Amino acid sequence: MQVAEVLEVLEALFQTSKHPDITDVRRYGQDTEPGGNSPAGVRVYYSTGSTGMLWAAVGKPAPAPASLPAEMPAPRERARRTLAFAVQLLDFARPEEFTSWEPCAFTGVHSSPSGVKITCRDGSAVHLRATATTGPGGIAGEPNEDPHPDYQIPEGVRSWRQEVGARSAVSR
């Protein structure tokens, strides 16, 4: 499975999640394989102006499996929060394109987990690194507490293919 196909699934899951803190979701990067100068990824834009990114990274040495925190990380931890939300979406939607996904820790990265390993139905694996940028207020502009603690993933995430297909048909 190609990196682009994995990113398409994640982009669709983030879009159909309709999370009230997410203002936009976009793909970026030109590389079709990890390790180039323009890594391909999905950027999630938040209401504070911050972004969280999941981008194709070289998985060598292989990142070690890592556990997510028991509770959703605070918005001040955008990279880990974006990663944790992506894993929640995958757990909820269970895309047939993938056989498994697990948080992992990349060598040399101080935050753990720092990415996710996605194993595809064809046996290939894609490693995505989680990073973030802060909005205009910097880290001080990020809430310490979840601004939407009652958010529930909508059922539409399970049928993301139909939701995305319907949206693109309308926008043509």
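Reading the values: the criteria
Residues numbered from 1 in each chain as written. Predicted model: local features only at pLDDT ≥ 70, side-chain atom pairs only at ≥ 80, totals over all residues. Heavy atoms only, no water. Phe/Tyr/Trp six-rings, centres within 6.5 Å; stacked < 30°, edge-to-face > 60°. Helix = DSSP H or I, 4+ residues; strand = E, 2+ residues; numbered from the N terminus. Buried < 20%, exposed > 50% of the residue type's maximum accessible area, 1.4 Å probe, protein only. Polar contact = N/O pair within 3.5 Å; in protein donor to acceptor, adjacent residues only side chain to side chain. Pairing = 2+ DSSP bridges.

Novice: Lay out the packing of aromatic side chains in plain terms, naming residues and giving numbers.
Specialist: Taken as a whole and judged by the stated rule, the model has 2 aromatic pairs. Geometrically, the ring pair formed by F14 and F85 is tilted, given 5.9 Å between the ring centres and 50 degrees between the ring planes. You can see F14 sitting in helix 1 (residues 3–17) and its partner F85 sitting in helix 2 (residues 78–93), a full 71 residues away along the chain. You can call F14 buried: its relative accessible area is 1%.

Novice: Hey, could you go over the side chain of T16 for me, with residue numbers and the actual values?
Specialist: With respect to the helices and strands, T16 occurs in helix 1. At 3.3 Å, the side chain of T16 forms a polar contact with the backbone oxygen of L13.

Novice: Tell me about the pairing of strand 7 (residues 125–133), and please be specific about residues and values.
Specialist: Here strand 3 (residues 51–57) runs beside strand 7; their pairing, made up of 7 bridges, is antiparallel. Residue pairing across strands places A57 opposite H127, the latter belonging to strand 7. As defined by bridge partners, strand 6 (residues 115–120) adjoins strand 7 across 5 bridges and the pair is classed as antiparallel. Along strand 7, the bridge assignment pairs G115 with R129. Connecting strand 6 to the next strand, strand 7, in antiparallel fashion are 4 residues, including G123 with a positive phi near 95 degrees.

Novice: Describe the sheet that holds strand 7, listing the residues and the values that go with them.
Specialist: Read across the open sheet, the 7 strands follow the order 1-2-3-7-6-5-4; overall the sheet is antiparallel. The open sheet has two free edges, formed respectively by strand 1 (22–28) and strand 4 (64–65), since each of these has just one partner strand.

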